[in-house]
Amino acid sequence: MSHNLLKGKRGIIFGALNNMSIAWKVAERAVEEGAIITLSNTPIAVRMGEVDELANKLNVQVIPADATSVDDLETVFAKSVEILGGKIDFVLHSIGMSPNVRKKRTYDDLDYKMLDKTLDVSAVSFHKMLQVAKKQDAISECGSVIALSYVAAQRSFFGYNDMADAKSLLESIARSFGYIYGREKGVRVNTISQSPTVTTAGSGVKGMEHLLDFSNKMSPLGNATAEECADYCIVMFSDLTKKVTMQNLFHDGGFSSMGMSLRAMNQYSKGMEDFTDEDGNVIYG
Ligand SMILES: NC(=O)c1ccc[n+]([C@@H]2O[C@H](COP(=O)([O-])OP(=O)(O)OC[C@H]3O[C@@H](n4cnc5c(N)ncnc54)[C@H](O)[C@@H]3O)[C@@H](O)[C@H]2O)c1
């Protein structure tokens, strides 16, 4: 249902790959709420993915760009202003990739060139986006920029690997750039820390199936879906959140404030049988 929350607003959505992508859902919701947008993804993702299908459906243009390339980003912002007919009101950074995760390198055996790539694609690209936008003065007063994060930025999660470091940096960039961009241009910069979600990037995380279940059992409201994340992004792009900036906003059904839930404990105790002796005493191996 539309509330016209983004009526007359112009936006750029980075990172829609296929119809499971969080950015895909955000693009659909943004247009539904009255915005006009452009889409961007890497040239290979545009060729191999389903971005064109989304663009046709929403009647919007795709501007291919590698988000690690400042030249490419300059083109995305300049062209978007031209196509949409004015300054940009909102931007979604929905980009993440770790070659170490892809190549199954563990955190204590990282390849450092790959780590550079992880950080560049998943975090520094956010800084590049903000710097390009600010230099071009491409974002309007009260504009809103969001990047998507994960709770592993603050706490250790098995298998999240060097993406945890990338997310920590991403959240730090939102604070550091948010101060400058807010002070000088009134632009808001935030990260939304989303529940584990079944997407192409999400499925790269080790043990994703169990992580989804554990996270769901730990969260009083259950895991947040990609569609629900899109709803939250829309509110953050809208004029209803004009004074929210430099925040990492948890959108995770309450997971990040939990220690242990009854549902998770019950599940856990079932698994304890493997680790008890014949008298039922737990063996700590
Ligand atoms: N899926 C989850 O469980 C989850 C949870 C929390 C946060 N997130 C974050 O949400 C964001 C979106 O991921 P998703 O889950 O929708 O998966 P996804 O695979 O659909 O999206 C990741 C996108 O990043 C793009 N990308 C990769 N390298 C790029 C580059 N160099 N330049 C431009 N784009 C590039 C990919 O083409 C893809 O469209 C990511 O930042 C991810 O870390 C995901």
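See the structure above.
Report on the accompanying structure. None of these values were measured; they are calculated from a predicted model.

### A few points about the overall build of the chain
Working step 1: When its secondary structure is counted, the chain shows ten helices and seven strands.
Working step 2: When its C-alpha atoms are laid out on the principal axes, the chain stretches across 75 × 45 × 40 Å.
Working step 3: In the chain, which comprises 285 residues, the share counted as buried stands at 44%.
Working step 4: Contacts in the chain between residues at least 24 apart in sequence constitute 72% of all its contacts with a sequence separation of at least 6.

### Some words on unusual backbone geometry
Only a minority of non-glycine residues have a phi that is not negative, and only a minority of peptide bonds are not trans.
Working step 1: For D137, which is not glycine, the phi torsion reads 50 degrees and is therefore positive.
Working step 2: For D137, the location among the structural elements is in the loop between α6 (112–136) and β5 (139–149).
Working step 3: In this structure D137 comes out as exposed when scored by C-beta crowding, with 11 C-beta atoms within 10 Å.
Working step 4: You will see that C142, though not glycine, has its phi angle at about 75 degrees, which is positive.
Working step 5: On the secondary structure map, C142 appears in strand β5.

### Focus on the pairing of β5
Working step 1: Most of β5 is tucked away, with eight of its eleven residues classed as buried.
Working step 2: The sheet contact formed by strand β4 (residues 88–93) and β5 spans five bridges and is parallel. Bridging across to β5, I88 finds its partner in I139.
Working step 3: In terms of strand pairing, β5 meets strand β6 (residues 188–194) through six bridges, oriented parallel. In the sheet register, S144 faces β6, and the bridge partner there is R188.
Working step 4: Taking the sense of rotation as the criterion, the β-α-β connection linking β5, helix α7 (residues 163–185) and β6 turns out right-handed.

### Some points on the site of the ligand
Working step 1: As a matter of local geometry, the ligand sits amid 26 residues, with S21, G96, T199, A201 and G202 nearest to it.
Working step 2: Those elements giving two or more residues to the shell around the ligand turn out to be α1 (22–32) and β5.
Working step 3: Split by residue class, the shell around the ligand holds twelve nonpolar, 13 polar and one charged.

### As for the packing of α1 against helix α9 (residues 226–237)
Geometry of a packed helix pair, given as the angle between the helix axes and the separation of the axes.
Working step 1: Remark: α1 packs on α9, axes separated minimally by 8 Å, with the N-to-C direction vectors making an angle of 50 degrees. In terms of axis orientation, α1 runs oblique to α9. As α1 packs across α9, the resulting crossing turns out to be right-handed. Only A226, E227, C229, A230, D231, C233, I234 and F237 of α9 make contact with α1, whose side of the interface consists of I22, K25, V26, R29 and A30.
Working step 2: Considered class by class, the residues forming the contact of α1 with α9 number nine nonpolar, no polar and four charged.

### Remarks on the nonpolar core
Working step 1: Counting 75 residues, the largest nonpolar core has I13, A27, A30, I37 and C233 as its most contacted members.
Working step 2: Ranked by residues supplied to this core, first place goes to α7 with eight residues.

### Here we look at the sheet that holds strand β3 (residues 61–62)
Working step 1: Pairing is parallel across the open sheet formed by seven strands, whose spatial order is β3-β2-β1-β4-β5-β6-β7. Two strands lie at the open edges of the sheet, namely β3 and β7 (248–251), each paired on one side alone.
Working step 2: On top of the sheet, α7 reaches β5, β6 and β7; it is set at about 155 degrees to β6, its chief contact.

### Let's talk about the packing of α6 against α7
Working step 1: Contact geometry of α6 with α7 gives a least axis separation of 8 Å together with a crossing angle of 10 degrees. In terms of orientation, α6 lies roughly parallel with respect to α7. Contact with α6, carried on its side by T118, L119, S122, A123, F126, H127, L130 and K134, involves M163, D165, A166, L169, L170, I173, F177, Y181 and K185 of α7 and no other residues of that element.
Working step 2: Looking at the contact of α6 with α7, its residues break down into eleven nonpolar, three polar and three charged.

### Let's talk about the environment of N41
Working step 1: Here N41 shows up in the loop between β2 (36–40) and α2 (43–48).
Working step 2: Once the C-alpha coordinates of N41 and A16 are considered, the two residues, 25 residues apart in sequence, prove to be 6.9 Å apart.
Working step 3: Discounting chain neighbours no more than four positions away, the residues touching N41 are F14, G15, A16, L17, V46, G49, V51 and P64.

Thresholds, definitions, all that
- Residues numbered from 1 in each chain as written.
- Predicted model: local features only at pLDDT ≥ 70, side-chain atom pairs only at ≥ 80, totals over all residues.
- Helix = DSSP H or I, 4+ residues; strand = E, 2+ residues; numbered from the N terminus.
- Buried ≥ 20, exposed ≤ 12 C-beta atoms within 10 Å, placed from the backbone.
- Contact = placed C-beta atoms within 7 Å.
- Pairing = 2+ DSSP bridges.
- Right-handed = clockwise from strand over helix to strand, strands pointing away.
- Near = placed C-beta within 6 Å.
- Nonpolar A, V, L, I, M, F, W, Y, C, P; charged D, E, K, R; others polar.
- Axes fitted to C-alpha atoms, helices over the stretch in contact; angles between N-to-C directions.
- Parallel < 35°, antiparallel > 145°, perpendicular 65-115°, else oblique.
- Left-handed = near helix turned anticlockwise from the far one by under 90°.
- Core = buried A, V, L, I, M, F, W, Y, C linked by C-beta atoms within 7 Å.

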